[in-house]
2 protein chains.
Amino acid sequence: MPNSQGGPEIERLIQAFAKLPGLGPRSARRAVLHLIKKKETLMQPLAQALGVAIEKVGICSVCGNIDTANPCGICQDPSRAALPLCVVEDVSDLWALERAGAHQGRYHVIGGTLSAMDGIGPEDLNISSLIERVEKLDVPEVILALNATVDGQTTANYIMDLLGDKSVSVTRLAQGVPMGGELNYLDDGTLAAAMKSRRPVTD
Amino acid sequence: MPNSQGGPEIERLIQAFAKLPGLGPRSARRAVLHLIKKKETLMQPLAQALGVAIEKVGICSVCGNIDTANPCGICQDPSRAALPLCVVEDVSDLWALERAGAHQGRYHVIGGTLSAMDGIGPEDLNISSLIERVEKLDVPEVILALNATVDGQTTANYIMDLLGDKSVSVTRLAQGVPMGGELNYLDDGTLAAAMKSRRPVTD
């Protein structure tokens, strides 16, 4: 019986792991073997953590963040209310900004970017809820922290147009040389953007 | 609160995933985000498959294979009894041979290789159980299907010495040009081994 190593229970587990991003059938098999060998120290804690997360974790109905509370902890934090609203593509971007401590206000996760190639239009993203929220909240500023990709910037432009007639200032992240970046390794676009947005040294 | 994105439940889940081979903290976070977004279609089936595997899957006390039965399905199959016994380093090697349909007999998983560097001696591997099994089973042949690495071949030599005084023929896998292999991409060792073990074309 080829392809039945370990029986259907293990095969099903390997297939479930193989659906995770970054894991293929081969690495899923390796992960499952590792788990089975360390049943007490790895497999059971993982199963338990999964169970707890399934039970408790959900998507915030206000901003799209993932949290155990709904609205999420960030949306419930009153100290964040009057600060700029930061628009991100994905929860992972929100987490990255939180890890960096780069934003003190609230967020809005739009859940992707417009993409003609992948057939993703405005109705597939949380953009109308963003516009409603901006109208309702009366925030001083909307920061478009979308990825510096073509699709990300197209989406930023689209949102900027929608917010153009609102009494809110719309900003986007600065583009330039990343920290520790070496000029001769940077792409032309980044170099051109950094040159265009150059600032006086006294700043 | 940096590093508390999503709360302790998600953090614990990310940490559990980060311990899998091939996943680091970053890819674990990505996998967990993906899972939470597809709670019904991915996360719950994974948790269920894990639960079933924890309950049912174990290590075969005879050969070291991983299976829901103990002894495993291969050890219980009477048609495999009188055939050669194949010695492998790891369960993943056993599965690879089964997938390839390359071996019809039973297996013995020794669980690694001798390694002076990592301080792994014969007592850390299932070698004494192999010798006992060979004496008891009276198999016609022991195939040493260990990896063609230095440690693998050292271990093969060690086992060959132990089996030298038994009335069993000991073989190892052929070394040579892999299927589809192009000579100018092969390493010197493989080329030399293939040349040394050349066979008449009528074979």
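Residues numbered from 1 in each chain as written. Chains lettered and ligands numbered in written order. Predicted model: local features only at pLDDT ≥ 70, side-chain atom pairs only at ≥ 80, totals over all residues. Heavy atoms only, no water.

Digging into the packing of helix α3 (residues 39-56) of chain A against helix α3 (residues 39-56) of chain B
And then number 1: Packing of α3(A) against α3(B) leaves a shortest axis separation of 10 Å and a crossing angle of 145°. Our pair here, α3(A) against α3(B), has a crossing hand that is left-handed. Contacts between α3(A) and α3(B) involve A:K39, A:M43, A:Q44, A:L46, A:A47, A:L50, A:A53 and A:I54 from the former and B:K39, B:M43, B:Q44, B:L46, B:A47, B:L50, B:A53 and B:I54 from the latter. (Axes fitted to C-alpha atoms, helices over the stretch in contact; angles between N-to-C directions. Helix = DSSP H or I, 4+ residues; strand = E, 2+ residues; numbered from the N terminus. Left-handed = near helix turned anticlockwise from the far one by under 90°. Contact = heavy atoms within 4.5 Å.)

Describing the interface of chain B and chain A
Accessible area lost upon the coming together of the parts serves often as the stated size of an interface.
And then number 1: Contacts between the two partners involve 47 residues from chain B, matched on the other side by 47 residues from chain A.
And then number 2: Summed over both sides, the interface between chain B and chain A buries roughly 4800 Å², with carbon and sulfur atoms accounting for 75% of that surface.
And then number 3: Across the salt bridge formed by B:E9 and A:K56, the nearest N and O atoms sit 3.9 Å from each other.
And then number 4: With 12 residues, α3(B) is the largest single contributor of residues to the side of chain B that touches chain A. (Buried area = accessible area lost by both parts, 1.4 Å probe. Salt bridge = Lys/Arg side-chain N within 4 Å of Asp/Glu carboxyl O.)

Considering the domain arrangement of chain A
And then number 1: Examined at the domain level, chain A breaks down into domain 1 (8-56) and domain 2 (66-200).
And then number 2: For domain 1 of chain A and domain 2 of chain A, the distance between their C-alpha centroids amounts to 34 Å. (Domains from an automatic or database assignment.)

With respect to the relation of the copies chain B and chain A
And then number 1: With an RMSD of 0.1 Å, the operation that places chain B on chain A is a rotation of 180° combined with a shift of 0.1 Å along the axis. Taken together, the rotation and translation relating the two chain copies correspond to the operation of a two-fold axis. For chain B, the smallest separation between a C-alpha atom and the rotation axis is recorded for B:A47, amounting to 3.0 Å.
And then number 2: Most of the interface of chain B is mirrored in chain A: 100% of its interface residues are interface residues there too. (Least-squares fit on C-alpha atoms with pLDDT ≥ 70 in both.)

Here we look at the sheet that holds strand β6 (residues 169-172) of chain B
All names here are of chain B.
And then number 1: Read across the sheet, four strands follow the order β4-β3-β5-β6 without closing on themselves; strand pairing throughout is parallel. Two strands close off the open sheet at either side, each with one partner strand: β4 (106-109) and β6. Pairwise comparison of adjacent strand axes, ignoring direction, gives a mean angle of 25° for this sheet.
And then number 2: Against the sheet, helix α5 (residues 91-100) engages β3 (85-88) and β4, with an angle of about 160° to β4.
And then number 3: Strands in contact with helix α7 (residues 150-163) are β3, β5 (141-144) and β6; relative to β6, the strand with the most contacts, it is inclined by about 170°. (Pairing = 2+ DSSP bridges.)

Digging into the environment of B:R29
All names here are of chain B.
And then number 1: Looking at the element boundaries, R29 is found in helix α2 (residues 25-37).
And then number 2: Judged by relative accessible area, R29 falls into the buried class, the value being 17%.
And then number 3: A sequence separation of 124 residues divides R29 from Q153, and the C-alpha atoms of the two residues are 39 Å apart. (Buried < 20%, exposed > 50% of the residue type's maximum accessible area, 1.4 Å probe, protein only.)

Looking at the pattern of salt bridges
And then number 1: If you walk through the whole model with that rule in mind, you get 12 salt bridges over all chains.
And then number 2: Of the charged contacts, one joins B:D90 and A:K37 as a salt bridge, the two residues approaching to 2.6 Å between their closest N and O atoms. Highlighted residues: B:D90 in the loop between β3 and α5 and A:K37 in helix α2 (residues 25-37), drawn from two different chains.
And then number 3: For B:K166, the salt bridge goes to B:E135, with nearest N and O atoms at 3.4 Å. Residue B:K166 is found in the loop between α7 and β6, and its partner B:E135 is found in helix α6 (residues 128-137); the two are separated by 31 residues along the sequence.
And then number 4: It is possible to trace a salt-bridge network through shared partners that takes in A:D77, A:R80 and A:E98.

Some points on the pairing of strand β5 (residues 141-144) of chain A
All names here are of chain A.
And then number 1: Pairing of strand β3 (residues 85-88) with β5 involves three bridges; the strand directions are parallel. Opposite L85, over in β5, you have V142 as the bridge partner.
And then number 2: Sheet topology note: the β5/strand β6 (residues 169-172) ladder contains four bridges and is parallel. Paired with E141 across the strands is S169, a residue of β6.
And then number 3: For the segment spanning β5, helix α7 (residues 150-163) and β6, crossover handedness is right-handed. (Right-handed = clockwise from strand over helix to strand, strands pointing away.)

A word on the layout of surface pockets
And then number 1: Considering only enclosed or pocket space, the largest pocket measures out at about 460 Å³ in volume.
And then number 2: Forming the walls of the largest pocket are 20 residues, and the residues nearest its centre are B:L97, B:A145, B:L146, B:N147 and B:L173.
And then number 3: Looking at the lining of the largest pocket, the elements that each hand over two or more residues are α5, β5 and α7 of chain B.
And then number 4: Per element, the largest residue contribution to the lining of the largest pocket is four residues, and it comes from α5(B).
And then number 5: A breakdown of the residues in the lining of the largest pocket according to their chemical character gives 13 nonpolar, five polar and two charged.
And then number 6: Mapped by element, the contributors of at least two residues to the lining of the second largest pocket are α2 of chain A together with α5 of chain B.
And then number 7: Looking at the lining of the second largest pocket, its residues break down into three nonpolar, three polar and nine charged. (1 Å grid on protein atoms, 1.4 Å probe; cavity = no way out; pocket = protein on both sides within 12 Å on 5 of 7 lines; lining within 4 Å. Points joined across faces, edges and corners; volume = space filled by probe spheres on them. Nonpolar A, V, L, I, M, F, W, Y, C, P; charged D, E, K, R; others polar.)

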